[in-house]
Structures are given as C-alpha cells and as structure tokens.
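Next come the chains, spelled out residue by residue.
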Amino acid sequence: MLNTTFLGTNFRNPLILASGILGINAEYFQTLETKGVGGITTKSFSLKERKGHKNPVMFNDDHGFLNAVGLSNGGIGEAIKLVKDAKKLNVPIIASIFAGTIEEFGEMAKQISEAKPDFIEANISCPNVKEEFGVSFSSNPESASKVTSAVKNNTNISVIIKLSPNVTDIKIIAKAVEEAGADAITAINTLAGMRINIDVKTPILSNRFGGVSGKGIFPVALKNVYDIYETVDIPIIGTGGITSGKDAIEMLMAGASLVGVGTGVYYRGPEIFNKIAKEMEEWMILNGYTNIKQVIGAAHK
Amino acid sequence: MTIIQRTDIPKTVQIVDIIKHNNDVITISLGGSLNILPGQFIFVWLPNIEEKPFAVVNVEKHLFSFTAVKRGVFTSALFNLKKGMWLGYRGPYGKGFTPVKNKNVCIIAGGIGMAALCLLYNQLIKDNNVKLIYGAKNKEGLVFKQNICNDHLCLCTDDGSEGRKAFTTQLFEEILLKEKFDFVYTCGPEIMMKQVADLCAKHNIPCEASLERMMSCGFGVCGKCAINNQLVCLDGPVFNAQQLTQLKEFGTCKCD
Ligand SMILES: Cc1cc2nc3c(=O)[nH]c(=O)nc-3n(C[C@H](O)[C@H](O)[C@H](O)COP(=O)(O)OP(=O)(O)OC[C@H]3O[C@@H](n4cnc5c(N)ncnc54)[C@H](O)[C@@H]3O)c2cc1C
Ligand SMILES: Cc1cc2nc3c(=O)[nH]c(=O)nc-3n(C[C@H](O)[C@H](O)[C@H](O)COP(=O)(O)O)c2cc1C
Ligand code: FES
C-alpha cells in the first residue's frame with residue numbers, strides 16, 4: 001500500500017530520513033531499517049573534514065527546533081565509507097553533499113559516485129555557515145543552476161537539489177534547477193532563526209544563529225512544496241515538520257512524491273517511521289485509498 | 001490523534017554552592033528542582049563557553065549538584081565560577097539503572113565514575129545489603145568517600161595512597177570468592193567496566209554499566225554517541241549485561 005517508486009527506484013514506503021539527523025553511522029542505519037525507514041539521507045559531507053560549532057548546537061523550544069551544527073563532517077573519505085557500508089541495507093541511500101565552490105560541488109559529485117549511492121542530494125541551502133557556503137547558491141537562480149550543472153556533469157547518478165525556504169520566491173529557484181538538469185528537488189531546509197537567554201543576555205546557539213525545523217515549520221514547508229509542484233515537472237521530496245501520518249498524507253497531497261522526516265525523530269524517537277507508516281495506512285484504509293500514488297498532488301485541482 | 005509536546009531548551013538557574021575538593025575536582029550545586037532517576041544525566045550550559053553532559057550526584061528539594069574533573073576547556077572554566085552566577089541545564093536524559101530491592105548488591109566505581117552511582121547508592125542502601133568497591137588513581141580521586149558509610153566501603157588506589165593498592169576488579173574478584181551478589185552496578189573507565197561485566201558473566205550475576213561517549217544533543221538526533229547499533233544518550237547510558245554482549249565496541253573505547 002505504501003510502496004512506491006521514485007526516479008525508477010523502489011521504496012517500501014515514502015518515509016525518508018532527512019539529512020543531518022542520525023546520518024553518520026551505518027550501523028545505526030540498521031536500527032532505523034528495523035524501525036521502518038523507507039530511505040536514508042546521509043549527513044551532508046564536504047571534501048575536507050569540518051569540525052563544526054561547539055555545543056549548544058541544537059535544542060527545542062515551544063515553537064520549533066533550532067540547530068547550528070556547522071555542517072560538521074568527516075570529509076569525503078568518511079562519506080564514501082559510510083555510503084558503501086549503508087549500501088548493505090535494503091533501503092535506498094541518498095548521499096548528501098555540499099561545498100564552498102561550484103568546482104568543489106562537481107568534485108564531490110564525482111568522488112561520492114564511486115560509492116554508488118542510489119541518489120546524490122546537493123545541499124545548496126544550508127543557512128548555518130555564515131556566508132561562507134550554501135546561502136548564496138540557493139538564494140539566486142544563476143548560482144543554483146550552476147551548482148546543478150556542475151553536479152550533473154560529474155555523475156551518472158540521479159541528482160536531487162535541496163532548496164532553502166529563505167528566499168523571496170522559491171519557484172524561480174526550482175525552475176532554474178529543473179532547467180539545469182536536476183532530477184528531483186528536496187524542499188525545505190531549515191528557516192533562519194535564533195533564541196536569546198534573557199537571564200544571561202546570550203544567544204543560546206554557540207553560533208548565535210541557526211535553522212528552525214520541526215512542527216512549527218510544517219505550514220511553511222507545505223506551501224513551498226505546493227508552489228514547487230505547480231512550477232516544475234520533476235518529483236519532490238517534501239520535508240519540514242512532519243511528525244504524523246496525517247502530516248505525511250498532507251505533504252503528499254501538496255505534491256511531494258516522498259516525504260523527509262528529520263526533527264520528527266526528536267519528537268517521537270526512531271520508532272517514528274513505523275508509527276507514521278501505520279498511521280498513513282490506517283488513514284488510507286479508512287478513506288478508501290489503495291495506493292499511495294493516488295494521494296500525490298491530490299490537492300491540486 | 002498524536003499530540004507531542006517536548007521542550008529541551010537550556011533553563012538558567014543560579015549557582016547556590018561550590019565545593020572545590022582539590023585542584024582537579026569540583027562540585028557545583030544549582031538552585032532548582034530536578035526530577036531525575038539514578039543513572040540519568042543532564043547537560044550543563046556555560047554561556048559563551050560550551051555545553052556538556054554530566055551525572056547528577058545529589059538532589060534536594062530546591063537544589064541539585066554535579067561533580068566534574070578538570071579535563072579541558074569546559075571543566076577548567078567551571079573553576080572560575082562564583083556563587084550567584086547563572087548556569088543553564090537541560091534534561092534529564094537517558095535510561096538509568098534498575099534499582100533492586102531486598103538483595104545483596106555490589107557497586108563498583110572507578111574514579112569520577114562514582115558520580116553516576118551516587119544517587120543509585122543512596123537509593124539502594126534503603127532496602128538492600130550494599131557493598132561498594134571504590135577505586136581511583138590516588139586518594140585525591142576518592143572525592144565521594146565521605147558520603148559513603150564505612151560498613152559498605154572497600155577502597156583501593158593505583159598508587160596505594162589510600163585503601164588497598166589494587167584495581168577495583170582485583171578486589172571484586174577476591175570478594176566474589178567469599179560473597180554472593182544478586183546484582184552488580186558499575187561505572188568507571190570502560191576497560192574496568194568490561195572486566196566487571198566479564199566477571200559477572202562468569203559468575204552468572206546480572207549487571208548494569210553506565211557508558212560514556214562524546215555527545216552533542218543528548219536526545220537521539222545527532223548520532224554522535226552511537227555505539228554499534230545503539231545510541232548511548234537514548235538507549236543508555238546504562239546498559240544491561242545482555243545488551244553489553246551485543247555491543248562489540250564496548251571495552252574498546254580509549255576515551256577515559
Ligand atoms: C552521560 C555522561 C555523563 C558524564 N558525567 C560526567 C560527570 O559526572 N563528571 C565529569 O567530570 N564528566 C562527566 N562526563 C564527561 C563530560 O561531559 C566532559 O566530556 C568532560 O568533563 C570533559 O570536558 P572538557 O570540556 O573539560 O574537556 P574537553 O576539552 O572536551 O576534552 C578534554 C579531553 O577529554 C576528551 N573528552 C571530552 N569529552 C569526552 C567524552 N564525553 N568522553 C570521552 N572523552 C572525552 C577529549 O577528547 C580530550 O582529550 C560525562 C559524559 C557523559 C557522556
Ligand atoms: C540537527 C539537524 C541537522 C541538519 N543537518 C543538515 C545537513 O547536514 N544537510 C541538510 O541538507 N539538511 C540538514 N538539516 C535540515 C533537515 O534535513 C530538514 O531539511 C529540516 O530540518 C526540515 O525538516 P524537519 O522539520 O523534519 O526536521 C538538519 C536539520 C537538523 C534538525
Ligand atoms: S548525543 Fe546526539 S544522538 Fe546521542
């Protein structure tokens with residue numbers, strides 16, 4: 001009932017672990033597989049190792065979840081090893097990459113392809129690293145398009161471009177990456193945000209600013225996915241604030257073909273994948289749906 | 001309908017007491033009430049410096065304390081704090097110990113590992129026969145000994161400056177020749193805990209050990225604390241004998 005295909009690859013269910021959540025340890029991926037995950041996105045990797053920010057790098061307030069991990073990762077060598085180990089699982093693996101320059105994006109794509117992930121996701125949207133990366137690539141159609149071409153030209157693997165909601169009009173960016181050859185789009189990454197502790201007059205994240213995810217951003221993610229669906233023909237992984245089966249159904253109706261779950265793991269633990277899958281099935285049975293594909297884009301009339 | 005409410009934002013409280021046990025060990029008491037089970041842990045936030053996980057060694061009505069050994073930037077900064085200053089904390093996190101009742105139990109503590117066992121000890125002595133084997137490099141390392149009843153205590157140090165000149169595991173082996181235990185709890189250097197777990201397996205005694213790994217979030221999101229297919233912050237930090245045998249990495253961590 002929940003099984004589906006995405007760019008020709010089979011998924012037992014449309015529930016994808018979003019990048020940056022538990023995405024660094026292949027042995028733990030086994031645990032997630034037993035807990036019903038449909039596909040796994042790795043943490044975003046760069047060519048060189050990055051240390052990331054000091055703690056606090058994440059917390060949850062009453063409105064949303066904040067993080068500024070600083071894109072810490074072990075570099076391309078570790079990424080290749082992780083993907084190779086993860087390939088032993090029975091769920092598709094999406095390798096997430098990011099870089100500081102267009103050329104480096106191309107180089108990352110070339111090197112990570114060696115490990116044969118099922119998909120490559122280019123994170124061009126991460127708002128965490130001050131001006132250095134991401135922000136500029138995703139915030140204008142020219143750079144988004146150039147990154148897409150650079151990645152595409154260096155691999156035969158299907159390429160997903162992950163977009164940022166911190167832009168004036170995400171439709172323009174979506175169109176640009178589609179025209180540059182992107183096979184799919186993931187939306188959305190986190191929204192820029194911060195919190196200050198008033199007793200000590202200090203921003204809580206060590207980086208001061210970070211990205212907001214979790215339940216609070218669900219309406220924002222939904223609107224972005226709905227808009228993108230109306231603009232492009234390539235499939236979408238709808239991500240942002242999904243914590244229940246009904247959220248997932250709603251995201252599919254907005255036009256997503258798969259849904260990403262990140263912060264949901266915080267709210268409901270690693271069991272969230274089995275739980276959402278069960279809730280989706282219950283809803284579908286109750287409402288007379290037999291195949292998840294009947295739901296995709298259903299809200300567009 | 002699933003309604004999920006959780007908040008994990010550092011909450012600021014004032015320091016109400018500071019005890020410097022020696023140049024390397026400090027206990028800080030924070031004003032506030034905390035509902036924590038033995039073996040669980042909290043994150044302590046030093047604004048503008050960092051945030052790190054710690055065991056809670058004492059809980060009273062409007063106060064709770066943690067004890068730290070000077071290791072790096074964070075723990076050194078603790079020594080500059082004064083009463084009345086603000087610190088943040090969040091938690092408690094993790095799965096704690098399983099306290100038994102009406103049994104013969106043995107607690108084996110190595111160094112600062114005793115911090116994670118203090119609340120457990122206080123709970124166990126209410127309705128069990130307790131033996132506590134407590135070892136450290138030297139006598140300065142035995143900072144919790146005055147909180148423990150002498151009748152329960154077997155002390156040892158690597159250099160013989162207090163108690164027996166021996167490792168905790170040696171004392172444990174000797175005591176096992178004379179006494180029978182229904183349950184063993186341990187926290188300390190991982191190599192020590194591994195040996196304790198092996199001895200317990202040999203003598204068929206159920207045991208629990210509290211593990212330590214680098215952590216970032218404490219609530220199962222960052223993945224940093226993974227040990228094989230488990231997360232120390234979520235599935236642990238306390239693991240039972242059966243779980244420990246599944247963790248191939250247990251006993252190999254050189255982080256102590
Ligand atoms: C669940 C849990 C409970 C803890 N309880 C206590 C406690 O009660 N008292 C206490 O003093 N400490 C405790 N720790 C360790 C504590 O969180 C700090 O890691 C430690 O005090 C060092 O901090 P630092 O910033 O001073 O040192 P750093 O500057 O971070 O590093 C100093 C050295 O210690 C190593 N190191 C740092 N963190 C760890 C770690 N988590 N595990 C292993 N090696 C590490 C570094 O690699 C480095 O070599 C606990 C850790 C965990 C995970
Ligand atoms: C702790 C944390 C780390 C993240 N790291 C990455 C990352 O490395 N790369 C990336 O593309 N997105 C990263 N994200 C963004 C998520 O993949 C996702 O797009 C976003 O959080 C919205 O989904 P959610 O509300 O389900 O978490 C991270 C999010 C969180 C909470
Ligand atoms: S510390 Fe982040 S998952 Fe355990």
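Attention in this report is confined to the structure presented alongside it. (Residues numbered from 1 in each chain as written. Chains lettered and ligands numbered in written order. Predicted model: local features only at pLDDT ≥ 70, side-chain atom pairs only at ≥ 80, totals over all residues. Heavy atoms only, no water.)

## Observations regarding the overall build of chain B
Scanning chain B from terminus to terminus reveals five helices and 16 strands. In terms of overall dimensions, chain B is globule-like: its C-alpha atoms have a radius of gyration of 18 Å, near the 18 Å expected for 256 residues. A principal-axis box enclosing the C-alpha atoms of chain B has dimensions of 50 × 50 × 35 Å. The burial tally for chain B puts 54% of its 256 residues in the buried class. Expressed as a percentage of contacts within chain B between residues at least 6 apart in sequence, the contacts between residues at least 24 apart total 60%. Here chain B contributes 28 positively and 23 negatively charged side chains, and the mean placements of these two sets differ by 3 Å. (Helix = DSSP H or I, 4+ residues; strand = E, 2+ residues; numbered from the N terminus. Rg over C-alpha atoms; globule rule 2.2 N^0.38 Å. Buried < 20%, exposed > 50% of the residue type's maximum accessible area, 1.4 Å probe, protein only. Contact = heavy atoms within 4.5 Å. Lys, Arg positive; Asp, Glu negative; His and termini not counted. Charge placed at Lys NZ, Arg CZ, Asp CG, Glu CD.)

## Some thoughts on the nonpolar core
Counting 132 residues, the largest nonpolar core has F105(A), L163(A), F172(B), V184(B) and L211(B) as the members making the most contacts within it. With seven residues, helix α10 (residues 272-286) of chain A is the largest single contributor of residues to this core. Within the second largest apolar cluster, 30 residues are counted, among which are C118(B), L142(B), F183(B) and C187(B). (Core = buried A, V, L, I, M, F, W, Y, C linked by side-chain atoms within 4.5 Å.)

## So, helix α4 (residues 190-202) of chain B
All names here are of chain B. Here α4 is 13 residues long and its end C-alpha atoms lie 18 Å apart, about the 18 Å a rise of 1.5 Å per residue gives. Those residues of α4 hidden inside the fold are in contact with β8 (104-110), α3 (168-178), β12 (183-187), β13 (207-210) and α5 (241-246). Among the residues trailing α4, N204 stands out with phi positive, at a value near 60°. (Expected span 1.5 Å × (residues − 1).)

## Re the packing of helix α6 (residues 170-179) of chain A against helix α7 (residues 218-231) of chain A
Residues and elements named next belong to chain A. At a closest axis distance of 9 Å, the pairing of α6 and α7 adopts a crossing angle of 45°. Relative to α7, the element α6 is oriented oblique. Crossing angle aside, the handedness with which α6 passes α7 is right-handed. For the pair α6 and α7, the contacting residues are I170, K171, A174, K175 and E178 in the first and N224, D227, I228 and T231 in the second. For the contact of α6 with α7, a count of residues per class yields three nonpolar, two polar and four charged. (Axes fitted to C-alpha atoms, helices over the stretch in contact; angles between N-to-C directions. Parallel < 35°, antiparallel > 145°, perpendicular 65-115°, else oblique. Left-handed = near helix turned anticlockwise from the far one by under 90°. Nonpolar A, V, L, I, M, F, W, Y, C, P; charged D, E, K, R; others polar.)

## Focus: the packing of aromatic side chains
Taken as a whole, this structure holds 18 aromatic pairs over all chains when the rule is applied. Ring geometry for F105(A) against F137(A): centres 5.4 Å apart, planes inclined by 85°, an arrangement best described as edge-to-face. Highlighted residues: F105(A) in helix α3 (residues 102-113) and F137(A) in helix α4 (residues 135-139), separated in sequence by 32 residues. When its relative accessible area of 1% is taken as the criterion, F105(A) is described as buried. Relative to Y267(A), the ring of Y266(A) lies with its centre 5.3 Å away and its plane at 65°, an arrangement referred to as edge-to-face. Relative accessible area serves as the criterion here: at 1%, Y266(A) is assigned to the buried category. By relative accessible area, Y267(A) is classed as buried at 10%. What links up through ring pairs into an aromatic cluster is the set F65(A), Y266(A), Y267(A), F41(B), F43(B), Y93(B) and F219(B). Between the NZ or CZ atom of K215(A) and the centre of the ring of Y267(A), over which it lies, the distance is 5.0 Å. Looking at K70(B), its charged tip hangs above the ring of F79(B), at a distance of 4.6 Å from the centre. (Phe/Tyr/Trp six-rings, centres within 6.5 Å; stacked < 30°, edge-to-face > 60°. Lys NZ or Arg CZ within 6 Å of the ring centre and 35° of its normal.)

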